[in-house]
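This is what each chain is made of:
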Amino acid sequence: QVQLVESGGGLVQPGGSLRLSCAASGSIKSIGTMRWYRQVPGKQRELVAVLLSGGTTNYVDSVKGRFTISRDNAKNTVYLQMNSLKPEDTAVYYCNADLTVPGSYNYREYWGQGTQVTVSS
């Protein structure tokens, strides 16, 4: 069974940094696009960063220049380096990935359980 497990969230002061990790485990044949979303209570989940399998990245305007998405294919892990954090970055962050499993040619979307990031003094 495929799982995505996030880590690295926590409490940080404004201007600080955090690095989120999301490791995919289980029987995986290949990983395509990987993404980070975030959600605050009462609001829709927001797409924050996208990393295509070819290396192209895209970010929501509010995090451009501050956040960096990257991946380690050998470890089936995606990262989100978050610098110059602001209180408005406070949210639960979720990783998301398109995966195939042995015996299948179809990519299916998987989600992690979420990790809380709180930016506050």
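Before reading further, recall that the structure is shown in the block above.
First, a word on what this report is: a plain description of the structure on this page. Owing to the predicted nature of the structure, the values given are computational and were not obtained by experimental measurement. (Residues numbered from 1 in each chain as written. Predicted model: local features only at pLDDT ≥ 70, side-chain atom pairs only at ≥ 80, totals over all residues. Heavy atoms only, no water.)

**A look at the overall build of the chain**
Turning to step 1, where the next piece is worked out: Across its full length, the chain holds 0 helices and 11 strands.
Turning to step 2, where the next piece is worked out: Compactness check: the chain gives a C-alpha radius of gyration of 14 Å against a globular reference of 14 Å for 121 residues, within 12% of the reference.
Turning to step 3, where the next piece is worked out: Burial status across the chain gives 42% buried among its 121 residues.
Turning to step 4, where the next piece is worked out: For the chain, restricting intrachain contacts to residue pairs at least 6 apart in sequence, the fraction spanning at least 24 positions comes to 56%.
Turning to step 5, where the next piece is worked out: Surface summary for the chain: the accessible area is close to 6500 Å², and the carbon and sulfur share equals 46%.
Turning to step 6, where the next piece is worked out: When the 12 basic and 8 acidic side-chain charges of the chain are each reduced to a single mean position, those positions are 3 Å apart. (Helix = DSSP H or I, 4+ residues; strand = E, 2+ residues; numbered from the N terminus. Rg over C-alpha atoms; globule rule 2.2 N^0.38 Å. Buried < 20%, exposed > 50% of the residue type's maximum accessible area, 1.4 Å probe, protein only. Contact = heavy atoms within 4.5 Å. Areas by Shrake-Rupley, 256 points an atom, 1.4 Å probe, with all protein chains shown as cover. Lys, Arg positive; Asp, Glu negative; His and termini not counted. Charge placed at Lys NZ, Arg CZ, Asp CG, Glu CD.)

**What to know about the state of the cysteines**
Turning to step 1, where the next piece is worked out: With the rule as written, the count across this model stands at 1 disulfide.
Turning to step 2, where the next piece is worked out: Disulfide partner of C22: C95, at an S-S distance of 1.9 Å. Taking the torsion about the S-S bond as the criterion, the C22 to C95 disulfide, at about 45°, is right-handed. Taken together, the residues C22 in strand β3 (residues 18-25) and C95 in strand β9 (residues 91-100) connect sequence positions 73 residues apart.
Turning to step 3, where the next piece is worked out: Classification of C95 as buried rests on a relative accessible area of 1%. (Disulfide = S-S within 2.5 Å.)

**So, the side chain of R38**
Turning to step 1, where the next piece is worked out: Relative to the elements of secondary structure, R38 occurs in strand β4 (residues 30-39).
Turning to step 2, where the next piece is worked out: Owing to a relative accessible area of 8%, R38 belongs among the buried residues under this scheme.
Turning to step 3, where the next piece is worked out: When residues no more than four places from it in sequence are discounted, the contact partners of R38 are Q44, R45, E46, V48, S62, V63, F67, E88, D89, A91, V92 and Y93.

**Observations concerning the sheet that holds strand β8 (residues 77-82)**
Turning to step 1, where the next piece is worked out: Strand order in the open sheet made by the 4 strands is β1-β3-β8-β7, with antiparallel pairing throughout. Looking at strand neighbours, the two that pair on one side only are β1 (3-7) and β7 (67-72), the edges of this open sheet. Pairs of neighbouring strands in the sheet enclose a mean axial angle of 15°, with direction left out of account.
Turning to step 2, where the next piece is worked out: In terms of strand pairing, β1 meets β3 through 5 bridges, oriented antiparallel. Residue pairing across strands places E6 opposite C22, the latter belonging to β3. (Pairing = 2+ DSSP bridges. Axes fitted to C-alpha atoms, helices over the stretch in contact; angles between N-to-C directions.)

**What to know about the nonpolar core**
Turning to step 1, where the next piece is worked out: Ranked by size, the top nonpolar core spans 30 residues in total, and within it W36, L80, M82 and Y93 carry the most contacts.
Turning to step 2, where the next piece is worked out: If you list the elements that add at least two residues to this core, you get β3, β4, β5 (46-51), β7, β8, β9 and β11 (115-119).
Turning to step 3, where the next piece is worked out: The leading source of residues in this core is β9, at 5 residues.
Turning to step 4, where the next piece is worked out: Ignoring any residue separated from it by four or fewer positions in sequence, one finds M82 in contact with G16, S17, L18, L20, R66, F67, Y93 and V117. (Core = buried A, V, L, I, M, F, W, Y, C linked by side-chain atoms within 4.5 Å.)

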